[in-house]
Each structure stands twice: as structure tokens, then as C-alpha cells.
Amino acid sequence: MITHATLHFNETGTPVADDFDDVYFSNDDGLAESDYVFYQHNQIDERLKSHPRRHFVIAETGFGTGLNFLNAWQRFDNCENRQAQALHFISFEKFPIRKEDLVIALNNWPQLKGYADKLIAQYPDALAGCHRLHFGDVTLDLWIGDVHDSLAAMNYGSQGLVDAWFLDGFAPSKNPDMWQQSLFDAMAYLARENATFATFTAAGFVRRGLKDAGFEVQKVKGYGRKREMVVGKITTPTAKANCLAPLRRMPRALKKVAVIGGGIASATLVHRLSARGIVASLFCADDSLAQGASQNNQGAVYPHLQADNSPSSEFFAHSFAYARRFYDSLLASGHHFDHQWCGVLLQGVKEEIVKRQTNLVEKDNWPNWLIHQVDAQQASEIAGVETPYGGLFIPKAGWVSPPQLVKATLDAACAQLNHTLHFNAPITALEKVGNQWLLQSGEQEHGPFDDVFVCMGEHSEQLLQGKGIGLQSVRGQVSHLAQSDASAKLKTVLCHKGYFTPSALGEHCMGATFTKDSQERDIREQDNQTNWQQFAGFYGDCEWTKELGQINGAKAAIRATLADHLPIFGQYAQEHEYIHAFPMLGKGKWQQAQPLNHDAQGLHLFTGLGARGLCTAPLCAEALVASLCDEPLPISLRVDNALHPARFITRNLKRGQIT
Ligand code: SAM
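Residues numbered from 1 in each chain as written. Predicted model: local features only at pLDDT ≥ 70, side-chain atom pairs only at ≥ 80, totals over all residues. Heavy atoms only, no water.

(A) Structural context of the overall build of the chain. A count of helices and strands for the chain gives 18 helices and 32 strands. Reported as C-alpha extents along the three principal axes, the dimensions of the chain are approximately 80 × 60 × 50 Å. Within the chain, the proportion of its 659 residues that are buried is 56%. Sequence-distant contacts, at least 24 apart, represent 75% of the contacts inside the chain between residues at least 6 apart. Surface exposure of the chain reaches about 26800 Å², of which carbon and sulfur atoms provide 47%. Between the centroid of the 59 positive side chains of the chain and the centroid of its 70 negative side chains there is a distance of 5 Å. (Helix = DSSP H or I, 4+ residues; strand = E, 2+ residues; numbered from the N terminus. Buried < 20%, exposed > 50% of the residue type's maximum accessible area, 1.4 Å probe, protein only. Contact = heavy atoms within 4.5 Å. Areas by Shrake-Rupley, 256 points an atom, 1.4 Å probe, with all protein chains shown as cover. Lys, Arg positive; Asp, Glu negative; His and termini not counted. Charge placed at Lys NZ, Arg CZ, Asp CG, Glu CD.)

Dropping the structure here:
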């Protein structure tokens, strides 16, 4: 579990870390020192003007108050004639400062106020792992946790990631655990060709360590009265991939792009493409958006957490935090969708669920702000109506209107770029012509496109040649129930086996059924009864449920899921391609015998979101686009591997189940 920084402010208003007995920035002029040591000595202004890639990546050890970040952001904004269009700032922080301390610390810099306010607005609650925050063309990846653990958790390829290192952190004598050879080595593994570093210290072992790691190292004049500091550069590439070859993602220059589908996956994908200036043509089979699994009136948004900090739990926890930032920023930019961040109560309606919930609490892997236990009385107070069950409460969760959310997301994307939207355009076939793709819609042909993203939920396999991806279809029906005066008092989402929402426009949503291997979307009276019986079975004795009105509507949709209940995104992968490229995988040898050539190069999948797309789609979309654009990923290596399209193939190859 992450611990916050304990600090005080000295007589000059500078924050001082109690455990390290060291200042976060210089008492004299911390901002000028930050600029001199880190920004200027990595020659960032000059390099931005001739940078060969769209994004320039800075990585920093020790986020602290974010002063280095804010300075780099302001300098990036003010840099004239820059070639780099985006700044990507990665920072590692073991002891994140509490938000209230951050506000006080940043009050020191009125000249950065506009930037500081934006950072404070998005500053994440403490949770180990990567928190990606967007500020227009500037992206911050705040990796919470020890820098050594975070570096080991990241996913990086053989080209490296980082253009400039800000080697900050408390003085080596006060923080010896951080200043280790393994840190210097990792800095080199992540370094792109010609990457630089700068650090305030000139300690001998730091210079030697960086040299041993592969940097050219040079002493220069320190800031103000300080005699020396150290700078350097990688001239011979030292980057080293930490992702096994079969699960490595390959970047592609995205030019002519088609997105097929009209739900939350397509909308978030087009949104994240927009953020990189990539125009898309979207094809939706229906006459309006969100007619598939995103069509419910109210959908709960909450993370699916297990007691253990498994890759799946890590994925859900961070998806949720990212989704909240994503949705809040849509609202802040004036887009509307009905929602309530009213919390979600996971009710302990059965003994086995109570046991599972107690186990989660005892293992203590998740912070209280994310999820905490409540007894039946507390649950009733939270709910505003009586409930006989305690449970786990997720205060930042809630519900949204999925169709309105999908529209708002796409509206926001279209406000940024001129995307083309095709409705009533069901794509029935894909044809590969050379390196490009033609899309068939009845008699009509669209394209050619270089890259096609299939985000068609349960229909996603229809356009794939070969064996497909093992998608399963699970039918779910949600019933709409008229509120009563008593039920209108419900003010949080109740999750029992299904869910029951606070009323919106006089109706509650109650669901959902779960019928495997069904693609039928007819409304069934029987399913309404099932929903009611399940709900009444748990809450039938509560006064507030007695006067509930009629079921006066329902929606049925198909959830597309995979065997491991995790989404899939990335290049469509097929068994024979992996057998050819990695013939020794069955013997535990990952070496590549042949280049991995995909038959369907440029055909990408983004599906398998199941019933949890409202929580997971934004982060998946961001990770998918980031990987193609050769940017740092917002998810850890283990999470990325768990979502990779070749995960089932490599697992089966390893087990010798396919040869
Ligand atoms: N760059 C910061 C700024 O602009 O405000 C100041 C950094 S402050 C001097 C050093 C930071 O390094 C502290 O926030 C501290 O918690 C963090 N830190 C120390 N050891 C660390 C470690 N092993 N992993 C990650 N962060 C660490």
C-alpha cells in the first residue's frame, strides 16, 4: 500500500520531507534551479525544434510537488518553432504528496498558477501504478510506487522510450535506496538514441554508475552557489526491451483509418485518435450510436476488484481511475451526459460473497478512497433507504447514461477533428488489396484504408478470416421499473447479483440477466420476471420496495466476452503466424526464428469489453493508440500482456496445445 509523504513547510514556505530531512526544491529560487539543472541542461528547447518524433519524452525520478513538470510544461508551451507537437512527461513517486500539501507548495509559484491549477484538478488519489493525466498536448504519466518497482513494471521496447532524464530525488546521502546502479541501468535501458540526463548531484558513485550504465558523463557548473552538477548523453544505443517478443506491440504510422462500430469502444478510440491529430472514418451499422451493448438507460461504472492485486484487478482499478478523469474532462469541456457519481454498494447478499469481501478487506491491497467495507447500517445511510446487507462501498463510482456518454465522447472527438461518420453502414466484408483494406457495405465499397479497427462487440469476429479470437456472446436484459416515493430516495447503485440504480426520469434500471451463447436481442417477459425475482429475493422485505411500480420497459443486448473476461485490443493475431515465428515456444524458448508477419497487417481489434466497457474502454483505447504511435504505454507490462490479442495463442503454444 502506498504511504503519503510526511512533510512540513519551513520559514521560507519550502516543503521539507520529514523522513528524508531534505527540501523538495531549493529555498533560494526552486523554479530557476529546476529550469537550470533539468530543463536547460538537457537542452530541451533546442531539441524540441528539431525533434524527429511527434512527442518528446522526459522521465523524472521523484515527482514531489510537480515543479519540474510544471516548468517543463510552461517551457514547452512557450517554445517557438518547435517540431515536437507533444510533450510526454513520465514521473515516478514513492511517497505522493497529499493534495492539500500540493496546493500549499505550488502557491510558491504565482507565475505557474494556471498550470498548477490544472494539475491540482486532476491530481490522482494514491494507488500504485501508472496514472495518465492529459493536459492538451502535454501528457503526464505519474507512476506511483518505488521507482525501482515502477521501472520493472513498465513496458518498453528495443527502441527505448525516453529522450531526456531528470535525475532528481533527495540527496544521495539522504536517500541511498533510490540512488542504486539498478536505477542507472534502467535509465539506460529506457533511453532512446541520443537521450540525455541531468542531475543536481556530482557525487562520485552517481557519475561512475551512470558511466557504467552507458552514459557519457560530464561535470558542469551547478546552479547559483553550487559548484558542480552532472550531465550526460547516450551515444551508443543501450535500449533493451523488457517485453517478450510474441507479446510486443508494433508501432505503425496511422494514416487512413477506419473504425467499425458505434459503441463505447469506437467512440473512445476515435477520441484518443483525435488527441493525436489522426482523422478517422467511422462506420456504424445502425442509424444512431450506441444501439448495441452501450444502449442501456443507466450503466454502472465501477471497477471489478479481486482481493489479490492481480493483473486483472490492477487493470480494473486503473481503468476506473482513468475513466473517471476521462468522463470528468468531457463534462468540464461542456459535453453532457446524464450521470451520478453516487457510489456503488457491492452488497454482501450471501455468505460466500461476504467471505470474499472480508478476504478483500483483510488482504488490504486497495486504498480506502477506492473501496471500503461498510456494515448494514452504514450501507443504509449511504443508500438513503434500508438495506439488510453490509458490503463494500466504492464512493467514486456511479452510473452514466451509456448512449449519451457515447455521443458526448464522439462529439468531443469531432469538435477536435473532422472525422467522417457513416450511419446505416453495416460492414459485411473486408478485402485486403495490397497493404490496404476495402470495406464492403452491401453494394457500396469504402476505402482503401491503411488501418481498420474492428470494434463491433459480439459481431467482431464476422469480419475476420481464420479462426477468430474465441469471442463469446452473453445476452443480458435490463428491466425498467417505475419509481415509488420511497424508492426515489435511493441514492447509490446497489449491486447484489445484478444491479439496481437510483431512479432517473422516474425509473430505476434493474438487471441484468445472463444468458450464455445467445445473440438474440428480443425483449422477454420471462427475463423481466427473472430480474424482479432476483431483486425481490434480496430486498423484498424492505419497506421501500413494497410500492415499487410496474416494469414498463426493458432493453436486451449482447455482451462480447473472452474466456478470461478481459478485453482484447491490438493487431489481429493468428496461430500459424506465431507457430512460424516462434517454433520453440512449446519448449519454453521465446527466441524469434522468423519475423512475425501478420496476414491481416493493419487490421486491429478492440472488443471483449463484456459488461464492463464503461469502466475499461477509455484506458484500453488510450493504450491501443499509444502503442501504435510508439508512445509510452499507460498500463504496466503485465496488464498489457493480459490484454494482448496473442495472449491465448502464446499460452497454448507454451503449453504445447498447438504445434
Ligand atoms: N522533482 C520534484 C519537484 O519538482 O517538486 C522534487 C523531487 S523531491 C527533491 C524528491 C522526490 O523523490 C520526493 O517526492 C520523494 O518522495 C521521491 N522519492 C524518493 N525516493 C524515491 C523512490 N525510491 N522512488 C520514487 N520516488 C522517490
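There is more to say after this.
(B) Summary view of unusual backbone geometry. Cis geometry is adopted by the peptide bond preceding Pro-448, which originates at Gly-447 and carries an omega value of 5°. Along the chain, Pro-448 falls in strand 23 (residues 444-449). The peptide bond linking Gly-511 to Ala-512 adopts the cis configuration, its omega dihedral lying at -20°. Position of Ala-512 relative to the elements: it lies in the loop between strand 28 (507-511) and strand 29 (515-516). Non-glycine residue Gln-43 carries a positive phi angle of around 50°. By the secondary structure assignment, Gln-43 is in the loop between helix 1 (30-39) and helix 2 (44-48). For Asp-630, which is not a glycine, the phi torsion comes out positive at approximately 60°. Its place among the elements puts Asp-630 in the loop between helix 16 (613-628) and helix 17 (637-643). On the basis of relative accessibility, which here comes to 27%, the residue Asp-630 falls in the partly exposed class.

(C) Spatial organisation of the sheet that holds strand 9 (residues 191-199). With mixed pairing, the eight strands of this open sheet are ordered in space as 6-7-5-4-8-9-11-10. At either margin of the open sheet sits one strand with a lone partner, and together these are strand 6 (129-135) and strand 10 (215-221). Across the sheet, the mean angle from the axis of one strand to that of its neighbour is 15°, orientation sign disregarded. Of the strand pairs in this sheet, strand 9 and strand 11 (residues 228-234) are connected by four bridges, and their pairing is antiparallel. Its bridge partner lying in strand 11, Ala-198 is registered against Val-231. Taken strand by strand, helix 1 contacts strand 8 (162-167), strand 9, strand 10 and strand 11, and its axis lies near 140° from that of strand 9. (Pairing = 2+ DSSP bridges. Axes fitted to C-alpha atoms, helices over the stretch in contact; angles between N-to-C directions.)

(D) A look at the nonpolar core. Membership of the largest hydrophobic core comes to 75 residues, with the highest contact counts inside it found for Val-259, Leu-269, Leu-273, Tyr-327, Phe-453 and Phe-606. By residue number, the principal contributor to this core is helix 16, which donates 11 residues. Counting the residues that make up this core, at least three belong to each of domain 2 (251-292 + 404-470 + 564-578 + 599-645) and domain 3 (344-395 + 472-561). Leaving out residues up to four positions away in the same chain, Phe-606 has contacts with Ala-265, Thr-268, Leu-269, Val-454, Cys-455, Ile-568, Phe-569, Ala-617, Cys-620, Ala-621 and Leu-624. (Core = buried A, V, L, I, M, F, W, Y, C linked by side-chain atoms within 4.5 Å. Domains from an automatic or database assignment.)

(E) The domain arrangement of the chain, seen in detail. Segmentation of the chain into domains returns domain 1 (7-234), domain 2 (251-292 + 404-470 + 564-578 + 599-645) and domain 3 (344-395 + 472-561). Here the C-alpha centroids of domain 1 and domain 3 sit 45 Å apart.

(F) Highlighting the packing of helix 9 (residues 264-274) against helix 10 (residues 311-332). Following both chains from N to C, one finds helix 9 and helix 10 inclined at 75°, their axes separated by 14 Å at the closest point. Judged by the angle between their axes, helix 9 and helix 10 are roughly perpendicular. Together, Ile-264, Thr-268, His-271 and Arg-272 of helix 9 and Tyr-322, Phe-326, Tyr-327 and Leu-330 of helix 10 make up the contact between the two elements. Considering only residue class, the contact of helix 9 with helix 10 consists of five nonpolar, two polar and one charged. (Parallel < 35°, antiparallel > 145°, perpendicular 65-115°, else oblique. Nonpolar A, V, L, I, M, F, W, Y, C, P; charged D, E, K, R; others polar.)

(G) Molecular detail of the pattern of salt bridges. Counted by the stated rule, this structure contains 29 salt bridges. A salt bridge links Asp-28 to Arg-225; the nearest nitrogen and oxygen atoms lie 2.8 Å apart. Of the two residues, Asp-28 sits in the loop between strand 3 (22-23) and helix 1 while Arg-225 sits in the loop between strand 10 and strand 11, which places them 197 residues apart along the sequence. As a salt-bridge pair, Glu-622 and Arg-132 come within 2.7 Å of each other at their nearest N and O atoms. Taken together, the residues Glu-622 in helix 16 and Arg-132 in strand 6 connect sequence positions 490 residues apart. Accessibility assignment for this pair places Glu-622 and Arg-132 in one class, buried. (Salt bridge = Lys/Arg side-chain N within 4 Å of Asp/Glu carboxyl O.)

(H) Seen up close, the site of the ligand. Around the ligand, a shell composed of 22 residues is seen, among which Glu-60, Gly-62, Thr-65, Glu-93 and Asp-168 lie nearest. The contact in question runs from a nitrogen atom of the ligand to an N or O atom on the side chain of Asp-146, over 3.4 Å. With the chains in place, 98% of the 610 Å² that the ligand exposes on its own is no longer accessible. Of all the secondary structure elements, the ones that give two or more residues to the shell around the ligand are helix 3 (67-78) and strand 5 (86-93). A per-class count over the shell around the ligand returns nine nonpolar, eight polar and five charged. (Near = heavy atom within 4 Å. Polar contact = N/O pair within 3.5 Å; in protein donor to acceptor, adjacent residues only side chain to side chain.)

(I) Here's a closer look at helix 14 (residues 525-539). Over its 15 residues, helix 14 extends 21 Å from the first C-alpha to the last, a length consistent with the 21 Å expected when each residue adds 1.5 Å. For helix 14, the full list of buried residues reads Asp-527, Asn-528, Asn-531, Phe-535, Phe-538 and Tyr-539. All buried residues of helix 14 project into a common sector of 110° when viewed along the axis, lining one side. Residues of helix 14 that are exposed and point over 90 degrees away from its buried face: Glu-525, Gln-526, Gln-533 and Gly-537. In the core, the buried residues of helix 14 are packed alongside strand 16 (344-347), strand 25 (472-482), strand 26 (493-495), strand 27 (499-500), strand 28 and strand 30 (551-561). (Expected span 1.5 Å × (residues − 1). Arc of directions from axis to C-beta.)

(J) Just the packing of aromatic side chains, in detail. Per the counting criterion, the structure on display carries 31 aromatic pairs. Geometrically, the ring pair formed by Phe-500 and Trp-544 is edge-to-face, given 5.9 Å between the ring centres and 65° between the ring planes. Of the two residues, Phe-500 is situated in strand 27 and Trp-544 in the loop between helix 14 and strand 30; the sequence distance between them amounts to 44 residues. The two residues Phe-500 and Trp-544 agree in class, both being buried. Every member of this aromatic cluster is reached through a ring pair, and the members are Phe-38, Phe-63, Phe-69, Trp-73, Phe-89, Tyr-115, Phe-135 and Phe-166. (Phe/Tyr/Trp six-rings, centres within 6.5 Å; stacked < 30°, edge-to-face > 60°.)

(K) Highlighting the sheet that holds strand 23. The three strands lie next to each other as 21-22-23, forming an open sheet whose pairing is antiparallel. Either end of the sheet is taken by a strand with one partner, and the two such strands are strand 21 (429-433) and strand 23. Strand-to-strand twist of the sheet, defined as the mean angle between neighbouring strand axes without regard to direction, takes the value 25°. Judged from the five bridges that link them, strand 21 and strand 22 (residues 436-441) form a sheet pairing that is antiparallel.

(L) The environment of Arg-638, seen in detail. Along the chain, the position of Arg-638 falls in helix 17. Arg-638 sits 328 residues away from Ser-310 along the chain, and the two C-alpha atoms are 9.2 Å apart. In contact with Arg-638, not counting residues within four places along its chain, are Asn-309, Ser-310, Pro-311 and Glu-314.

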